[in-house]
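So you can see what is in the structure, the chains are spelled out below.
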Amino acid sequence: MDNSRTRNVTKPYIIFVVVIFLLMIFPLYGLANRVFPLVLGLPFGLFWVVLLEVIAFVALCCFYRYEYGNGGRS
Amino acid sequence: MSNWQFALGSMLVYLVFAFVIGIMAGRKRSFWSVSEYAVADRGLGLIVIWFMMGGTVFSAFSFLGGPGMAFSKGAASFFVPAYIALGILPWYLLGPKVGRIGARKNFFTMGDFLGDRYQSRALTVLVGLISVLAFIQYLTLQIKGMAFIFNILTDGVIPYWFGALLAYGIVCAYVATSGVRGAAWSDVLQGALMLVVAWTVGYFLVYTLQGSPTEMFTAINATKPGFLTIGQDGSQMSAMAYSTVILVSALGFLMWPHLFTKSYTTTEKRIKITTMAFPLFGIFLVPVLFVGFAAIGVVAPDALESSNQILPYLVTHNLGANGWLYGLIGAGALAAAMSSSDAITHGGSVSLGRDVILPFKPDMDERTQVWIMRIGVVAIGAAAYCLSIFGAAGIIALLVGAYGSIAQFVPAVYGALIWRRGTKYGAIAGMVVGIGVNYYFQIVAESTPLDMNAGFVGLLCNIVVFVVFVAVSLMTRPVPAALADEYTNA
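Calculation criteria
- Residues numbered from 1 in each chain as written.
- Chains lettered and ligands numbered in written order.
- Predicted model: local features only at pLDDT ≥ 70, side-chain atom pairs only at ≥ 80, totals over all residues.
- Helix = DSSP H or I, 4+ residues; strand = E, 2+ residues; numbered from the N terminus.
- Contact = placed C-beta atoms within 7 Å.
- Expected span 1.5 Å × (residues − 1).
- Buried ≥ 20, exposed ≤ 12 C-beta atoms within 10 Å, placed from the backbone.
- Nonpolar A, V, L, I, M, F, W, Y, C, P; charged D, E, K, R; others polar.
- Core = buried A, V, L, I, M, F, W, Y, C linked by C-beta atoms within 7 Å.
- pLDDT = per-residue confidence, 0-100.
- Axes fitted to C-alpha atoms, helices over the stretch in contact; angles between N-to-C directions.
- Parallel < 35°, antiparallel > 145°, perpendicular 65-115°, else oblique.
- Left-handed = near helix turned anticlockwise from the far one by under 90°.

Counting its regular elements, chain A contains two helices and zero strands. Long-range pairs, those at least 24 residues apart, make up 37% of the contacts in chain A with a sequence separation of at least 6.

When its secondary structure is counted, chain B shows 23 helices and zero strands. Overall, chain B is about 70 × 55 × 45 Å in size when its C-alpha atoms are taken along their principal axes. Of the contacts made within chain B by residues no fewer than 6 positions apart, 83% connect residues no fewer than 24 positions apart.

Residue and element names in this part refer to chain B. With 33 residues, helix H8 (residues 121-153) extends 48 Å between its outermost C-alpha atoms, agreeing within 8% with the 48 Å of an ideal straight helix rising 1.5 Å per residue. In terms of residue burial, H8 counts as a mostly covered element, since 28 of its 33 residues are buried. Asp155 occupies a position one or two residues after H8 and carries a positive phi of about 60°.

So, about the environment of Gly430(B). All names here are of chain B. In this structure, Gly430 sits in helix H21 (residues 424-444). Distance in space between the C-alpha atoms of Gly430 and Leu459 is 8.7 Å, their sequence separation being 29 residues. Here Gly430 is in contact with Pro411, Ala412, Asn462, Ile463, Val465, Phe466 and Phe469, once residues within four sequence places are set aside.

Once that is clear, we can look at the interface of chain B and chain A. Across the contact, 34 residues belong to chain B and 27 residues belong to chain A. At the level of elements, helix H5 (79-88), helix H6 (91-105), helix H10 (213-223), helix H11 (239-253), helix H13 (268-277) and helix H14 (279-284) of chain B are the ones that each hand at least two residues to the side of chain B that touches chain A. Residues belonging to the side of chain B that touches chain A are distributed by class as follows: 24 nonpolar, eight polar and two charged.

Quick look at the nonpolar core now. Ranked by internal contacts, the top residues of the largest apolar core, which has 200 residues, are Leu86(B), Met146(B), Ile246(B) and Leu334(B). Counting residues per element, this core draws most heavily on helix H9 (residues 160-210) of chain B, which supplies 23 residues.

Right, let's talk about the environment of Gly99(B) for a bit. Residues and elements named next belong to chain B. Its place among the elements puts Gly99 in helix H6. For Gly99, a count of 23 C-beta atoms within 10 Å gives the class buried. As a C-alpha pair, Gly99 and Ile136 span 37 residues in sequence and 26 Å in three-dimensional space. Non-local contacts of Gly99, meaning those with residues more than four positions away in its chain, are made with Ser263, Tyr264, Glu268 and Ile271.

Glancing now at the confidence of the model for chain B. Per-residue confidence for chain B gives a mean pLDDT of 81, with 94% of residues at or over 70. Two summary scores accompany this predicted model of the complex, namely pTM at 0.82 and ipTM at 0.84.

Another point: helix H20 (residues 410-418) of chain B. Where H20(B) is concerned, the buried positions are Val410(B), Pro411(B), Ala412(B), Val413(B), Gly415(B) and Ala416(B). Here the buried face of H20(B) lies against helix H7 (110-117), H11, H21, helix H22 (454-473) and helix H23 (481-488) of chain B.

Our focus in this paragraph is unusual backbone geometry. Residue Phe26(A) is joined to Pro27(A) through a cis peptide bond whose omega torsion reads 5°. Its place among the elements puts Pro27(A) in the loop between helix H1 (3-24) and helix H2 (44-68). With a phi angle near 60°, Asn106(B) is a residue other than glycine that sits in the positive phi range. With respect to the helices and strands, the residue Asn106(B) is situated in the loop between H6 and H7. Although it is not a glycine, Gln119(B) sits at a positive phi angle of roughly 50°. Checked against the element boundaries, Gln119(B) lands in the loop between H7 and H8. Judged by the 12 C-beta atoms lying within 10 Å of it, Gln119(B) is exposed.

When pLDDT drops low, the exact placement of atoms in the prediction is not to be read closely. Of all residues in chain A, 82% attain a pLDDT of 70 or more, and the chain-wide mean is 79. Low pLDDT, under 50, characterises residues 1-7 of chain A; the stretch is placed with three contacts to residues that sit more than four places away or in other chains.

For any two helices packed against each other, one specifies the inter-axial angle together with the distance between the axes. All names here are of chain B. Where H8 meets helix H18 (residues 366-390), the axes come as close as 8 Å, and the angle between the chain directions of the two elements is 55°. Judged by the angle between their axes, H8 and H18 are oblique. The handedness of the crossing between H8 and H18 comes out as right-handed. Between H8 and H18, the contacting residues are Val132, Phe135, Ile136, Leu139, Thr140, Ile143 and Lys144 on the first element and Ile380, Ala383, Ala384, Tyr385, Leu387 and Ser388 on the second. By residue class, the composition of the contact of H8 with H18 is ten nonpolar, two polar and one charged.

Residues and elements named next belong to chain B. Viewed as axis vectors pointing N to C, helix H1 (residues 3-25) and helix H17 (residues 323-357) meet at an angle of 35°, and their least axial separation amounts to 8 Å. When the axes of H1 and H17 are compared, the crossing they make is right-handed. Along the contact surface, H1 presents Asn3, Phe6, Ala7, Gly9, Ser10, Met11, Tyr14 and Ala18, while H17 presents Gly323, Trp324, Tyr326, Gly327, Gly330, Ala331, Leu334, Ala335 and Met338. Per-class residue counts for the contact of H1 with H17 are eleven nonpolar, six polar and no charged.

Structural data, given as structure tokens:
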């Protein structure tokens, strides 16, 4: 199949996954490992997890759009 | 009408719906095709595949284990939404690759995939066996959950054994008749139902018992400093244990054969959209943890036999008179347990037929294979049912070890896709060592080095052994270059 397109996102995608993984575990998670400030009623450590999930969702939308969307090659 | 009648009524209505949808899903489909039974002829739609992946993840754990963990372990429970979001991410690249190889070579299981890549029937059987054992353990947990919910919400009117038989019997019936399509379509109903229930119940409990989430977490932090953080004074889990459990669960996530084989059931585009929407499931789980947090300060920890009973305990003891809530929770919890059981029972039956039995008699015709898989549903179902009702200490240890060993497939699977020189001896030796180490630390040893997760220690040993073996065997003949290329370039 059209390998050129797949190869295009593979590298950035792997970097993205590694970054999200690292932000979720120690030592980097240590930045968020506290209770205050409470955000949306959540302890900061839990809010951090939710925030990363939202970021992951948005990033995935971008990857997908780049591959198949109007701006990309379908 | 009293509460338990409400609960029983709504659970029965739900069961009827699940049954009808599951059976209807397989109508007018080829009853005797392995491809249809195992992977729905590789043509599941987007909504269905999304709910199926999500519903499978929301197991009995969501309504019983998750709240229990929040109640007893505090911030350690954050690992659940964390690993679910992380676990799916590699699928964006892995899924389409595996799907392309599978369609070209007519694969249905993980054993097919690894066995062909490493040219080893032994590997197929090993993967099949570990999967089936792990599946039975997973099912045992779900069945216990269903039985427990039925029993407690009906005030003991429905006995333990009958609740489990009823709910799980329905699952087996629609899985055996409709295959993966039955599991997938009933998951749409179950997934939608439990999302609604989780949010309603989670927030309802917080607002009734604790005022608001902000007040609740402030109060918890005041009475139990450190409980809402990791690795500090008063925390319930060390930073190392927390990080490694996330890594193992997230990396192992796609190695669960019932999730891995979903790569074969649909198209590249749908795999990518499913991955995209999946981190949202992690967010959907957050209110589930609220249930457990809401109970802190309300329920004394020693009032429970096990922290997993926290949700039913809250409902029956602290919310007295609301019949609707009873019914809603009953149906939602059943849906969560059933939507996992159907996919797992299905996955187990395919693994058993295809990976464990077929290699010993490769000339079986298709009709016999489908029969074996359908009998497998009943056999696996019966085994899990008996274990969950009667228990058996020796077997349980075996199953728990297998359950923790799923992540040990990681090096072999990723190795197949990115490492052309990976050999069968390396893959098998790594996997055997990884599984052995995992068994040892999970069941025999008291503690692990540096407080790492047992599966993580296994995984490290697994990778080292894999690499060393391959390094040694570099002198020997690799698999045919064309075959290795087909995997790395898929």
